[in-house]
Amino acid sequence: MKLGVINSVFFGTEIDPYGEGIKLVKEMGFDTIDVYPADGEISVEQMANVKKYSKEYDIPVRAGVALIFGYFSPNRPVREFAKKLGRQLVDISAEMGAHNMLIVNGEYFWQLETGFDKDWIFNMAVEGTRDLGEHAAKCGLKIAVELEPFKMSIVNSIDSMDAFLSAVDLPDTVMANVDCSHLHLADISPTEIQRLKGRIAHVHISDAIDKHGDLPPGRGTAPMQEYIDQLKIAGFDGTVACELEWPPDPSREGVLAWVKEAGDATAQLMRNAGVRD
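Residues numbered from 1 in each chain as written. Predicted model: local features only at pLDDT ≥ 70, side-chain atom pairs only at ≥ 80, totals over all residues. Heavy atoms only, no water.

**Q** Before we go on, may I ask you to explain the overall build of the protein chain in this structure?
**A** Broken down by element type, the protein chain carries eight helices and eight strands. Here the protein chain has a C-alpha radius of gyration of 18 Å; the compact-globule value for 277 residues is 19 Å, and the two agree. With respect to the principal axes defined by its C-alpha atoms, the protein chain has extents near 50 × 45 × 35 Å. The buried share of the protein chain, taken over its 277 residues, is 53%. Pairs at least 24 residues apart make up 77% of the contacts formed inside the protein chain by residues separated by at least 6 positions. Accessible area of the protein chain: about 12100 Å², with a carbon and sulfur share of 49%. Across the protein chain, the centroid of the 27 positively charged side chains sits 5 Å from that of the 43 negatively charged ones. (Helix = DSSP H or I, 4+ residues; strand = E, 2+ residues; numbered from the N terminus. Rg over C-alpha atoms; globule rule 2.2 N^0.38 Å. Buried < 20%, exposed > 50% of the residue type's maximum accessible area, 1.4 Å probe, protein only. Contact = heavy atoms within 4.5 Å. Areas by Shrake-Rupley, 256 points an atom, 1.4 Å probe, with all protein chains shown as cover. Lys, Arg positive; Asp, Glu negative; His and termini not counted. Charge placed at Lys NZ, Arg CZ, Asp CG, Glu CD.)

Right, here's the structure in full:
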């Protein structure tokens with residue numbers, strides 16, 4: 001397995017997520033980086049910097065990140081725009097040299113108490129993700145579907161992940177993202193990862209206590225070692241990317257210490273599992 005991190009940890013800090021941040025995480029021992037185009041777009045300068053720093057410091061982009069809630073908008077033009085946006089984000093991920101792109105589809109709305117029922121919303125999300133997957137396949141990318149730990153999330157359990165992937169029906173392209181802290185918050189046992197064997201495109205790792213927090217491993221109560229062990233048993237050999245938000249000390253030194261703590265802790269979990277030297 002490879003050790004990765006998402007560049008969003010540098011959002012709102014003095015460290016450029018698309019430039020210096022890439023160099024700094026390489027120096028801390030990370031193997032890959034995931035790049036989130038904030039607000040669904042990336043400037044020409046940012047793209048040039050990502051490619052420059054990735055090549056210069058030999059730290060490939062493993063994944064792009066996309067948050068697309070428009071696939072199940074009540075308005076058809078919005079749904080069509082969401083498909084176009086998704087394809088554009090795949091193109092961005094491909095240009096960066098990514099292996100996959102994460103997709104977060106969002107939640108059922110209005111507590112399912114209107115004419116837009118659960119099946120309609122689910123099917124619209126499936127249709128949009130299938131369109132995304134078909135384009136990704138042409139670009140040589142995988143799509144990694146996020147499991148969110150929230151009550152109204154479209155994919156919030158292994159059962160709903162299995163149903164969603166089966167409905168999209170692009171098994172070689174549209175796969176799962178295993179987020180360890182989300183599994184913990186959703187009370188999903190590490191052994192349940194085996195139900196996704198052969199269908200895992202990417203992994204996020206962070207710790208949590210009793211709510212979403214994206215802490216460095218060891219700061220929460222999630223059974224981190226068990227998740228890594230189960231990923232090994234499932235045959236996963238891709239990137240385990242640290243997903244970190246809200247460092248308690250937002251200074252340059254504080255953010256870098258936060259990232260290094262997470263990287264060192266994750267690397268040790270991987271060594272314990274025998275998947276890292």
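**Q** Would you mind showing me how to read the packing of helix 1 (residues 20–27) against helix 2 (residues 44–56) here?
**A** Two numbers describe a pair of packed helices, the interaxial angle and the distance between the axes. Taken N-terminus to C-terminus, the directions of helix 1 and helix 2 make an angle of 25°; their axes are 8 Å apart at the nearest point. In terms of orientation, helix 1 lies roughly parallel with respect to helix 2. The chirality of how helix 1 crosses helix 2 is right-handed. Between helix 1 and helix 2, the residues in contact are Glu20, Ile22 and Lys23 and Val50, Tyr53 and Ser54, respectively. Here the contact of helix 1 with helix 2 is built from residues that sort into three nonpolar, one polar and two charged. (Axes fitted to C-alpha atoms, helices over the stretch in contact; angles between N-to-C directions. Parallel < 35°, antiparallel > 145°, perpendicular 65-115°, else oblique. Left-handed = near helix turned anticlockwise from the far one by under 90°. Nonpolar A, V, L, I, M, F, W, Y, C, P; charged D, E, K, R; others polar.)

**Q** What is the right way to read the nonpolar core from this model?
**A** Buried together is how nonpolar side chains tend to be arranged in soluble globular proteins. Judged by nonpolar contacts, the single largest core of 84 residues is most densely connected at Val25, Phe30, Ile154, Phe164, Leu231 and Val259. Excluding residues within four positions of it along the chain, Val25 makes contact with Val5, Phe10, Phe30, Ile33, Ile59 and Val259. Grouped together as the second largest cluster of nonpolar side chains are six residues, Val65, Leu102, Ala144 and Ala201 included. (Core = buried A, V, L, I, M, F, W, Y, C linked by side-chain atoms within 4.5 Å.)

**Q** Mind showing me how you'd approach empty space enclosed by the protein here?
**A** The rolling of a water-molecule-sized probe over the atoms marks out the regions of remaining empty space. With the rule as written, the count across this model stands at one cavity of 30 Å³ or more. Considering only enclosed or pocket space, the largest cavity measures out at about 40 Å³ in volume. Taken together, Ile103, Val104, Asn105, Gly106, Val145, Glu146, Glu148 and Val155 form the lining of the largest cavity. A class-by-class count of the residues in the lining of the largest cavity yields four nonpolar, two polar and two charged. (1 Å grid on protein atoms, 1.4 Å probe; cavity = no way out; pocket = protein on both sides within 12 Å on 5 of 7 lines; lining within 4 Å. Points joined across faces, edges and corners; volume = space filled by probe spheres on them.)

**Q** Got a minute to help me understand the layout of surface pockets in this structure?
**A** If you add up the space inside the largest pocket, you get close to 430 Å³. Residue lining of the largest pocket: 22 residues in total, with Leu67, Val104, Glu148, His212 and Glu243 positioned closest to the centre. Among the elements of the structure, strand 3 (61–67) and strand 4 (100–104) are those that each provide at least two residues to the lining of the largest pocket.

**Q** Help me out: how do you make sense of the sheet that holds strand 7 (residues 200–205) in this one?
**A** Picture the strands of a sheet paired through backbone hydrogen bonds; they go either parallel or antiparallel. A barrel is described by the order of its strands in space; here eight strands give the closed sequence 1-2-3-4-5-6-7-8, paired in parallel fashion. Mean inter-strand twist for the sheet, computed between neighbouring axes without regard to direction, equals 30°. Here four bridges tie strand 4 to strand 5 (residues 142–146), and the two strands are oriented parallel to one another. From the neighbouring strand, Leu102 faces strand 5, where its bridge partner is Ala144. (Pairing = 2+ DSSP bridges.)

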